[in-house]
Amino acid sequence: MRKYLDAYVTHETKNMTKEEWLRARGAGIGGSDASSVLGFSPYRSSISVYLEKVHYVNLAKGLEDKDIYESLDAVNEGSYKMELSKKLEDFVAREFSLITGKKVRNVNGILKNDKYPFALANINKAVVGEKAFLQCKVTNSFNKKEWSKTVPIHYQIQMNHYMAVTGASHCYVAALIGNEELVIHKLERDKEMIDEIKKICEQIINNNITPNYVDYNLIKTQIRLSIVALLFVIF
């Protein structure tokens, strides 16, 4: 079994189709999932992560709910902006190497560590000669002020999630801002944050994801009741 630092590769991704990658990713909590679960993601809620994961649990067991599957897959297909960002990752990695003199390489695998059985990691590049990885981001100029100071909190959660899985002591985040500036930050492993991620994600997995069957109609009813109750309190 192929390894990277303290993690092992569960799926080879070099020749994996997008659909296969989404299915494999659905088997655990990824880095971007973690920031959503903790409530810090500007893109997704913890409810959306929950629905996505139970979707893949039921799919793996051959239980079908076609309408919900199709709607979740449509969300996971993402936008052209996301696709373009992924294509620019190699450019960002090359610029990182030119600026820092550090060599990077591909890992081409979904990573897992039995210390964190709920967690999966998809790192962009391994940094050669260091117990570290590189994550590449592409953002617009509106985020320049925040990125110039530090890595946004939802990405800090994602990076620490990946450091937990891989056993990395630190990582680098390189962000291309508005196609005009490359910002590079180094993040050290944050044990306190990792412990919090582990605690909350384990609660999600143990309490919600593992049942043999998930009743989507019950979930939708519970969500509707929660929304109605919230509106009643507000108004």
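The paragraphs below set out a description of the structure included in this document.

Rules behind the numbers
- Residues numbered from 1 in each chain as written.
- Predicted model: local features only at pLDDT ≥ 70, side-chain atom pairs only at ≥ 80, totals over all residues.
- Heavy atoms only, no water.
- Helix = DSSP H or I, 4+ residues; strand = E, 2+ residues; numbered from the N terminus.
- Buried < 20%, exposed > 50% of the residue type's maximum accessible area, 1.4 Å probe, protein only.
- Contact = heavy atoms within 4.5 Å.
- Areas by Shrake-Rupley, 256 points an atom, 1.4 Å probe, with all protein chains shown as cover.
- Pairing = 2+ DSSP bridges.
- Axes fitted to C-alpha atoms, helices over the stretch in contact; angles between N-to-C directions.

Next up on the list: the overall build of the protein chain. When helices and strands are counted, the protein chain shows nine helices and eight strands. Within the protein chain, buried positions represent 43% of all 235 residues. Contacts in the protein chain between residues far apart in sequence, at least 24 positions, make up 69% of those at least 6 positions apart. For the protein chain, the exposed area adds up to about 13200 Å²; of that, 54% sits on carbon and sulfur atoms.

A few words now on the sheet that holds strand 7 (residues 170-177). Read across the sheet, five strands follow the order 3-5-6-7-8 without closing on themselves; strand pairing throughout is mixed. Of all the strands in the sheet, the pair left with one neighbour each is strand 3 (104-105) and strand 8 (181-188). Two strands pair when backbone bridges link them, and strand 5 (residues 125-127) and strand 6 (residues 132-139) are joined in this way by three bridges, in the antiparallel orientation. In the sheet register, valine 127 faces strand 6, and the bridge partner there is alanine 132. Lying over the sheet, helix 7 (residues 153-166) contacts strand 6, strand 7 and strand 8, oriented at roughly 155 degrees with respect to strand 6.

What follows covers the side chain of threonine 139. As for its position among the elements, threonine 139 is in strand 6. Looking at threonine 139, the relative accessible area reads 17%, which means it is buried. Discounting chain neighbours no more than four positions away, the residues touching threonine 139 are Trp147, Leu176, Ile177 and Gly178.

In the sheet, strand 1 (residues 3-4) pairs with strand 2 (residues 7-12) via two bridges, with the strands oriented antiparallel. Bridge assignment links lysine 3 to a residue of strand 2, and that residue is tyrosine 8. Hairpin connection of strand 1 to strand 2: two residues between the antiparallel strands, including leucine 5 at a positive phi of 50 degrees. Relative to strand 4 (residues 109-112), strand 2 runs antiparallel, the two sharing four bridges. Following the sheet pairing, glutamate 12 is matched in strand 4 by glycine 109.

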